[in-house]
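# Examining the three-dimensional arrangement
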Amino acid sequence: MDLVIRNASLPDGRRGVDIAIDQGRIAAVAPGLPAKGAREIDAEGDLVTPPFVDAHFHMDATLSYGLPRVNQSGTLLEGIALWGELKPQLTQDALVARALQYCDWAVARGLLAIRSHVDVCDDRLLAVEALLDVKRRVAPYLDLQLVAFPQDGVLRSPSALANLKRAVAMGVDVVGGIPHFERTMADGAESVRILCEFAADQGLRVDMHCDESDDPLSRHIETLAFHTQRLGLQGRVAGSHLTSMHSMDNYYVSKLLPLIKEAGVAAIANPLINITLQGRHDSYPKRRGMTRVPEMLAQGIDVAFGHDCVMDPWYSLGSGDMLEVAHMGLHVAQMTGQDAMRDCFRAVTETPARILGLEGYGLHPGCHADLVLLDAGDAVEAIRLRAARRLVLRRGQVVAESPRAVARLALPGRPPQADFRLPMPAGLARKNA
């Protein structure tokens, strides 16, 4: 064996488990494996998980904060206007450099798969060319899936549909859309039909920015579910944001959620951005801004969390840490039950992996040995602490490493504590787990 990880805890609650890795794949997962590895790592009871997956991101805009100016209001509409100002100034080299820097951040945080929307409304398709180049460069250590995204509306922008088709021909993986940004509700519904039919014809997945609005009458998710079922696209379609659902009446939602489930449409919420950008017209009471995550989970709908933005025209914060995303999602959705908190961990790991259709993802023999060793004993503790990534493995090779969170304390009136572990007092959470 190339590597054996000993004494690991797993997200499903198993403890004291060994993981044997050979030729880039998981060979065995069981307690007390007799296999010897060329290298052996003692997890010391810490959590080993498949890597984090970001199901919704905008890598063409990332790390562009302050270009050409700062979003002073912090609003969605000023962010869109800023992006329109920045697009003519973009260069391929700068796009590639920023995206590669972000990918380095991602890997250091155990984020090894990202679905990024890329704007196709610039006739030069500079961002498409740049991110296709980035996708090739990072392939050895990160899976980058690209969505052809008509930011200005596929019908509202005169060349958007032709550009989207060009982007797909160049190698972009997924068909995107933004129906609520079209000029009318009717145009929005028509855009969903056109884009779903194109995706079905090309055999591609669909991921639409859908109903990113506080307007309860923005109901394009219903149209998306309809065309998904009509065209046989079940399991290949996601609606991102879906924030209008937080404003819909319960009667309509009681009809909508079964339609989404029946159509096999997944949902992608973006807690950091939704809680920041939505509800801006409210005084008090003030809407939270995120879609109905617990209700969709209860219906059996796949729900993932995305980071969406990091230091760009829409969001001046962020670091590529999917545990921060899960932490915010847990709080905004009030998902503090034990099972609900574990659902939040799944929303940044196995659920988005399923939505993206990642091959070989998981903790079973035969899966890729893409793993993260966290400085935490279980999934809930990992979210609570935004735990350090002790090791990040890609195909069985260590690609990032960081020390456990420890400190040396010398407090007045108390004996010195060497290597005091910061996460918890004396392993209390593990004993009571």
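Above this note sits the structure.
Reading the values: rules and limits
Residues numbered from 1 in each chain as written. Predicted model: local features only at pLDDT ≥ 70, side-chain atom pairs only at ≥ 80, totals over all residues. Heavy atoms only, no water. Helix = DSSP H or I, 4+ residues; strand = E, 2+ residues; numbered from the N terminus. Buried < 20%, exposed > 50% of the residue type's maximum accessible area, 1.4 Å probe, protein only. 1 Å grid on protein atoms, 1.4 Å probe; cavity = no way out; pocket = protein on both sides within 12 Å on 5 of 7 lines; lining within 4 Å. Points joined across faces, edges and corners; volume = space filled by probe spheres on them. Nonpolar A, V, L, I, M, F, W, Y, C, P; charged D, E, K, R; others polar. Pairing = 2+ DSSP bridges. Axes fitted to C-alpha atoms, helices over the stretch in contact; angles between N-to-C directions. Core = buried A, V, L, I, M, F, W, Y, C linked by side-chain atoms within 4.5 Å. Contact = heavy atoms within 4.5 Å. Salt bridge = Lys/Arg side-chain N within 4 Å of Asp/Glu carboxyl O.

The topology assignment puts Ala 108 in helix α2 (residues 92-108). Taking relative accessible area as the criterion, Ala 108 reaches 40% and is therefore assigned partly exposed.

With that settled, consider empty space enclosed by the protein. Considering all chains together, one arrives at two cavities of 30 Å³ or more under this definition. Here the largest cavity is characterised by a volume of approximately 40 Å³. Forming the boundary of the largest cavity are His 58, Asp 60, Ala 61, Trp 83, His 117, Asp 119, Phe 149, Gln 151 and Trp 314. Classifying every residue of the lining of the largest cavity gives four nonpolar, three polar and two charged.

An order of β6-β7-β8-β9-β10-β11-β12-β13 is seen for the eight strands of this open sheet, with the pairing classed as parallel. The open sheet has two edge strands, β6 (52-57) and β13 (303-305), and neither has a second partner. Strand-to-strand twist across the sheet, computed as the mean angle between neighbouring axes with direction ignored, equals 25°. In the sheet, strand β8 (residues 143-149) pairs with strand β9 (residues 174-177) via two bridges, with the strands oriented parallel. In the strand pairing of β9, Val 147 is matched with Val 174.

What follows concerns the nonpolar core. Most often, soluble globular proteins have nonpolar side chains that are buried together. Counting 110 residues, the largest nonpolar core has Met 59, Tyr 102, Ile 114, Val 134, Met 245, Phe 345 and Leu 374 as its most contacted members. Setting aside residues up to four positions removed in sequence, Met 59 forms contacts with Ala 99, Tyr 102, Cys 103, Ile 114, Ser 116, His 117, Leu 131, Val 134 and Leu 144.

Looking now at the pattern of salt bridges. Pairs may arise between side chains of opposite charge once their charged atoms sit close together. With the rule as written, the count across this model stands at 31 salt bridges. A salt bridge links Lys 135 to Asp 173; its shortest N-O distance comes to 2.7 Å. Pair noted here: Lys 135 is in helix α3 (residues 126-138) and Asp 173 is in the loop between α4 (160-170) and β9, with a separation of 38 residues, a long-range link. On the basis of relative accessible area, Lys 135 is assigned to the partly exposed category, the value being 24%.

Bringing the pairing of strand β14 (residues 371-374) into the picture now. Neither face of β14 is exposed, since Leu 371 and Leu 373 on one face and Val 372 and Leu 374 on the opposite face are all buried. Bridge analysis of strand β5 (residues 48-49) against β14 gives two bridges, and the strand direction is antiparallel. Residue pairing across strands places Thr 49 opposite Val 372, the latter belonging to β14. Bridging between β14 and strand β15 (residues 389-394) involves four bridges; their strand directions are antiparallel. Bridge pairing in β15 links Leu 374 to Arg 389.

Counted as a void, the largest pocket has a volume near 480 Å³. Forming the walls of the largest pocket are 24 residues, and the residues nearest its centre are Leu 76, Leu 77, Ile 80, Glu 212 and Gln 278. Residue assignment for the lining of the largest pocket shows that the elements contributing at least two residues are α1 (76-86) and α8 (271-277). For the lining of the largest pocket, the element with the highest residue contribution is α1, accounting for three residues. Split by residue class, the lining of the largest pocket holds ten nonpolar, nine polar and five charged.

Purely geometric numbers; function is a separate question.
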